[in-house]
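# Chain and residue survey
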Amino acid sequence: MRFATFTLSLLFAALFAVALPLGATDPPVPDLTPKVQAVLDEIRKADTGNLAVSAEDGRFLRLLVATNHTKQALEIGAASGYSAIWIGLGLRETGGRLVTIEYDPQRAKEATANIARAGFSDIVSVLAGDAFQRIPKVQGQFDFVFLDAWKRDYQRFFDLVFPRMPKGGRPDLLTTIVAPSGEGVSVSWKRQ
Ligand SMILES: C[S@@+](CC[C@H](N)C(=O)[O-])C[C@H]1O[C@@H](n2cnc3c(N)ncnc32)[C@H](O)[C@@H]1O
């Protein structure tokens, strides 16, 4: 499960992974520049562990971020930066920023390089390290969180980030499960 929240607060969680066959690329998205499309395709081809979200879920993340007018987004679990680029596309329209955290040092390096090659270094910052340690050191609040680490940690991450999301004094969530792709996605809105 992948999990996102926004504030309107959106927590978005990955339900289960369905992968394209190895080496497959996603159909081109008409409004992506060739440079961005090429980086997304390269990440997909190299993703032998099938870590990245589907292209459908990437488009869904972009839409959520843009329509929510997100300013400060957090991603837990960058892998090689695929979803971060999609979130960055949404933030390009809102003027927002993303901090994405990855504890595998090699993947954190790849994410940083891929985000730079796609032209999103001004929007997306990659932090290498354990998100449980890094999140308390990130300043400010989050109006969008994409939780995409290991499922066993979802509840602990939720408890860590929920108080950092503005709006509403009560822990009052409206959660629904949607499936833009074959993967399941839960979306939670923190009520006003
Ligand atoms: C499913 S992958 C993320 C895929 C990525 N969001 C995408 O769609 O392109 C999960 C990632 O979370 C990372 N991860 C797991 N636990 C973590 C933690 N406590 N802190 C930082 N990263 C973590 C793993 O190393 C792995 O790269």
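Predicted, not measured: the structure shown is a model, and the values here were computed from it.

### Structural notes on the packing of helix α1 (residues 34–46) against helix α3 (residues 82–94)
Relative to each other, α1 and α3 sit at 155°, their axes nearing to 10 Å. In this view, α1 runs roughly antiparallel relative to α3, as classed from their interaxial angle. Remark: the crossing between α1 and α3 carries left-handed chirality. Residues V36, V39, L40, I43 and R44 of α1 form the contact with α3, whose own contacting residues are Y82, I85, W86 and L89. Among the residues forming the contact of α1 with α3, the class breakdown is eight nonpolar, no polar and one charged.

### What to know about the site of the ligand
For the ligand, the set of nearby residues contains 21 residues, the closest of which are G77, S83, E102, A131 and D148. Residue D130 places a side-chain N or O atom 2.9 Å away from a nitrogen atom belonging to the ligand. Protein burial of the ligand: of its 600 Å² of free accessible surface, 97% is covered by the chains. Mapped onto the shell around the ligand, the elements with two or more residues apiece are α3 and β4 (97–102). For the shell around the ligand, the class distribution of residues is 12 nonpolar, three polar and six charged.

### Points about the pattern of salt bridges
Going through the model one piece at a time under the given rule, you end up with seven salt bridges. Note that R62 and E93 form a salt bridge whose closest N and O atoms lie 3.9 Å from each other. Separated by 31 residues along the polypeptide, R62 in helix α2 (residues 55–67) and E93 in helix α3 bring together distant segments of the chain. With its nearest N and O atoms 3.8 Å apart, the salt bridge here joins R156 to D153. One salt-bridge network, held together by shared partners, links D31, R62 and E93.

### Points about the packing of aromatic side chains
Here the structure, examined in full by the defined rule, presents two aromatic pairs. Taking the centre distance of 3.9 Å and the plane angle of 5° together, the rings of F132 and F157 count as stacked. Taken as a pair, F132 in helix α5 (residues 131–134) and F157 in helix α6 (residues 154–161) lie far apart in primary sequence, 25 residues in all. Both residues of the pair, F132 and F157, belong to the buried class. Between F158 and F162, the aromatic rings sit 5.0 Å apart at their centres with planes inclined by 25°, giving stacked as the arrangement. Relative accessible area serves as the criterion here: at 13%, F158 is assigned to the buried category. A residue is classified by how much of its surface remains accessible, and F162, at 10% relative accessible area, is buried. A cation over an aromatic ring shows up here: R44 above the ring of Y82, its NZ or CZ 4.4 Å from the ring centre.

### Topic: the pairing of strand β5 (residues 124–128)
The sheet contact formed by β4 and β5 spans five bridges and is parallel. Directly across from I101, in β5, lies its bridge partner L127. Read from β4 through helix α4 (residues 105–118) to β5, the crossover connection turns out right-handed.

Reading guide: rules and limits
Residues numbered from 1 in each chain as written. Predicted model: local features only at pLDDT ≥ 70, side-chain atom pairs only at ≥ 80, totals over all residues. Heavy atoms only, no water. Axes fitted to C-alpha atoms, helices over the stretch in contact; angles between N-to-C directions. Helix = DSSP H or I, 4+ residues; strand = E, 2+ residues; numbered from the N terminus. Parallel < 35°, antiparallel > 145°, perpendicular 65-115°, else oblique. Left-handed = near helix turned anticlockwise from the far one by under 90°. Contact = heavy atoms within 4.5 Å. Nonpolar A, V, L, I, M, F, W, Y, C, P; charged D, E, K, R; others polar. Near = heavy atom within 4 Å. Polar contact = N/O pair within 3.5 Å; in protein donor to acceptor, adjacent residues only side chain to side chain. Areas by Shrake-Rupley, 256 points an atom, 1.4 Å probe, with all protein chains shown as cover. Salt bridge = Lys/Arg side-chain N within 4 Å of Asp/Glu carboxyl O. Phe/Tyr/Trp six-rings, centres within 6.5 Å; stacked < 30°, edge-to-face > 60°. Buried < 20%, exposed > 50% of the residue type's maximum accessible area, 1.4 Å probe, protein only. Lys NZ or Arg CZ within 6 Å of the ring centre and 35° of its normal. Pairing = 2+ DSSP bridges. Right-handed = clockwise from strand over helix to strand, strands pointing away.

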